[in-house]
Amino acid sequence: MNWPTSASRLASVSLAAVSLFALATGCDNANDLGLELPGTSPITANYLDLPVKAFTVRQQPVETVKTNHVLVGRLRDTFVGTTTASGYLNIMVEPVLSPADSLPGKFTNVSLDSTVFSLAFDQVYGSATQPLRLDLLTLQAPLDERTVYNSASSVATGTTLLTNFEASLNRTRPVKRRVASGTATDTTTTVITTQVADQFVRIRLQKYPGTSALATSVFTALSDAAFNQRKLDAVWKGIALRPSANHSGNIVGFTRSGNTTVTFYFRGTDAAGRRSKYRSYSLFLANIPAGNTLIGQVADGKYFTQLSTDLSGTPLAGLTTPQSTLPAAATNGFTYAQEGVGLGTRIEFQGLDDLRNNTNLAINRAELLFPVKQYSNGIFPYPQGLYLYEVNSANTVLTRTVGATTYERLVPGEGINATTSVRLTPTSVGADSYARATIPAGQDPAQYYSVPLTEYLQAYLQNRLDGELPTGLIVSPILRSNSTLNLNRAQFDASNIKLRVYYSKLR
């Protein structure tokens, strides 16, 4: 990364060789920049743009266990390739959300009317007018709580329950609401019906032979008053949601929702002899959210998303192994950062030796600028934030050990001491303590990401970073302490990525 190994002063910079590098320079009013410099006002602040070498890096595997979405589908993209996503989930008995007194086994003369498998979603990558085509399979064994699963994990499946199920993604449902009009003494009420998005995939299990047989077996188990998780696992060990072999065109993000259920509608007679045909009992997929309720604790179970991307036939086809890189020249001048696919942009600063030994100049502010390809967010939205990992020449993220725990080294946010290990402890300082590149408000369309890097640059120039010096930074939308999973992506104009340094003349 060509970082200098030392610097004599915190605020000292050198521009002795700037002309040799033909670096871009400019001049701004310090008050506009918010530099808060001592001395008389106004103060003229100059800036220079230091060049950055950029590469696309493949970061694999991606952490997908217990994230905020389960992704299912297949989508071809001309820039990156074909991404396939499958979900694997345990099925849970949840006594808080489905109390024991609603269990079919608590009634007599029970008969099953119907079973509905409901999956709530709030993301569609690709076409929302094209149905998602699904295959449903059972798992040979429930996902193990002590096993580590990620995007590259595979799980043994059992019976194929259903193939090529067509799930509509653009269905709507009517919602009625009352609107009052008139005066305080003479009002009328009008009922207005509006159509809202119905973001559920519903599968009626009694409609198909394979799922009907399973639903009947599970309902027989539910009819036992002593039904529990162990007895459920004996008849239904988990579910796999896969895109059908012929499906291509979208990937759907299923949410962590208490509305994601397998609901059994049945008739039964209660202890008082009352017969009802409006009873129900629900099992839950493992991705229901955990949290306290008035009744007790709702606990989430094990689930993960399997993700694979076939890069063949695209500019990124050369990324054949994890941590491999491609220069921007090999990818049409662009680099990438995409979460679920595991793409990041490696940057290496150039010309930092020029920021030395000139005691007449002071660094006031530094920021990284990442220009994005215009209108490239049609299928995959831009990431909400990008994080900076310190890496070595092999693209391995550097770590620091605090006590008995090892943490990945991320660039800290402004105001966080760049030399202290507390910045590496997500549970104590939170995600906001890390430098985070964002798109400044007001850009329409989006033009660039920016992230302040003043204190980190000063610490680096003085060789005040504890531990191995990084040879580069990987810019990634992934923060592994967060439980998010999506396919959001940014394409950067690699030749215009720059480190902009504002400086003032001391005399």
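Residues numbered from 1 in each chain as written. Predicted model: local features only at pLDDT ≥ 70, side-chain atom pairs only at ≥ 80, totals over all residues. Heavy atoms only, no water.

Going by the annotation in an unreviewed UniProt entry, the name recorded for the chain is DUF4270 family protein, with Hymenobacter metallilatus given as the source organism.

Within the chain, the secondary structure is distributed over 6 helices and 30 strands. Each of the 507 residues in the chain was classed as buried or not, and the buried ones make up 50%. Restricting to contacts in the chain with at least 6 residues of sequence separation, those with at least 24 account for 78%. Just so you have it, the chain exposes about 22600 Å², and 49% of that area is on carbon and sulfur atoms. (Helix = DSSP H or I, 4+ residues; strand = E, 2+ residues; numbered from the N terminus. Buried < 20%, exposed > 50% of the residue type's maximum accessible area, 1.4 Å probe, protein only. Contact = heavy atoms within 4.5 Å. Areas by Shrake-Rupley, 256 points an atom, 1.4 Å probe, with all protein chains shown as cover.)

So, on to the layout of surface pockets. For the largest pocket, the calculated volume is near 210 Å³. Split into classes, the residues belonging to the lining of the largest pocket amount to 5 nonpolar, 9 polar and 2 charged. In this model, the second largest pocket occupies a volume close to 180 Å³. Lining of the second largest pocket is provided by Gln59, Gln60, Pro61, Glu63, Gln323, Asn395, Thr396, Val397, Glu408, Ile474 and Arg480. Split into classes, the residues belonging to the lining of the second largest pocket amount to 3 nonpolar, 5 polar and 3 charged. (1 Å grid on protein atoms, 1.4 Å probe; cavity = no way out; pocket = protein on both sides within 12 Å on 5 of 7 lines; lining within 4 Å. Points joined across faces, edges and corners; volume = space filled by probe spheres on them. Nonpolar A, V, L, I, M, F, W, Y, C, P; charged D, E, K, R; others polar.)

All right, on to the packing of aromatic side chains then. Centre distance and the angle of the planes are the two values used to describe a pair of aromatic rings. Summed over all chains, the structure comprises 12 aromatic pairs. An angle of 50° between the planes, with centres 5.9 Å apart, marks the rings of Phe219 and Phe266 as tilted. In this pair, Phe219 sits in helix H3 (residues 209-222) while Phe266 sits in strand S14 (residues 261-269), placing the two residues 47 residues apart along the sequence. Comparing Phe219 with Phe266 shows no difference in burial state: the two are buried. Taken together, the ring pairs connect Phe107, Phe219, Phe264 and Phe266 into an aromatic cluster. Over the ring of Phe334 we find Lys373; its NZ or CZ atom is 5.1 Å from the centre of that ring. (Phe/Tyr/Trp six-rings, centres within 6.5 Å; stacked < 30°, edge-to-face > 60°. Lys NZ or Arg CZ within 6 Å of the ring centre and 35° of its normal.)

Turning next to the pairing of strand S6 (residues 108-126). By the bridge criterion, 8 bridges tie S6 to S14 in an arrangement that is antiparallel. Looking across to S14, one finds that Phe117 is bridged to Val262. Note that S6 and strand S11 (residues 200-204) share 5 bridges and pair antiparallel. Each residue of the ladder has a partner; that of Ala120, found in S11, is Phe200. Pairing between S6 and strand S13 (residues 250-255): 5 bridges, direction antiparallel. Looking across to S13, one finds that Gln123 is bridged to Gly253. (Pairing = 2+ DSSP bridges.)

What follows concerns the side chain of Thr309. Note that Thr309 resides in strand S18 (residues 303-310). Reaching out from Thr309, the side chain makes a polar contact with the side chain of Thr83 at a distance of 3.1 Å. The contact partners of Thr309, leaving out residues within four places of it in the chain, are Arg58, Val80, Thr82, Thr83 and Val341. (Polar contact = N/O pair within 3.5 Å; in protein donor to acceptor, adjacent residues only side chain to side chain.)

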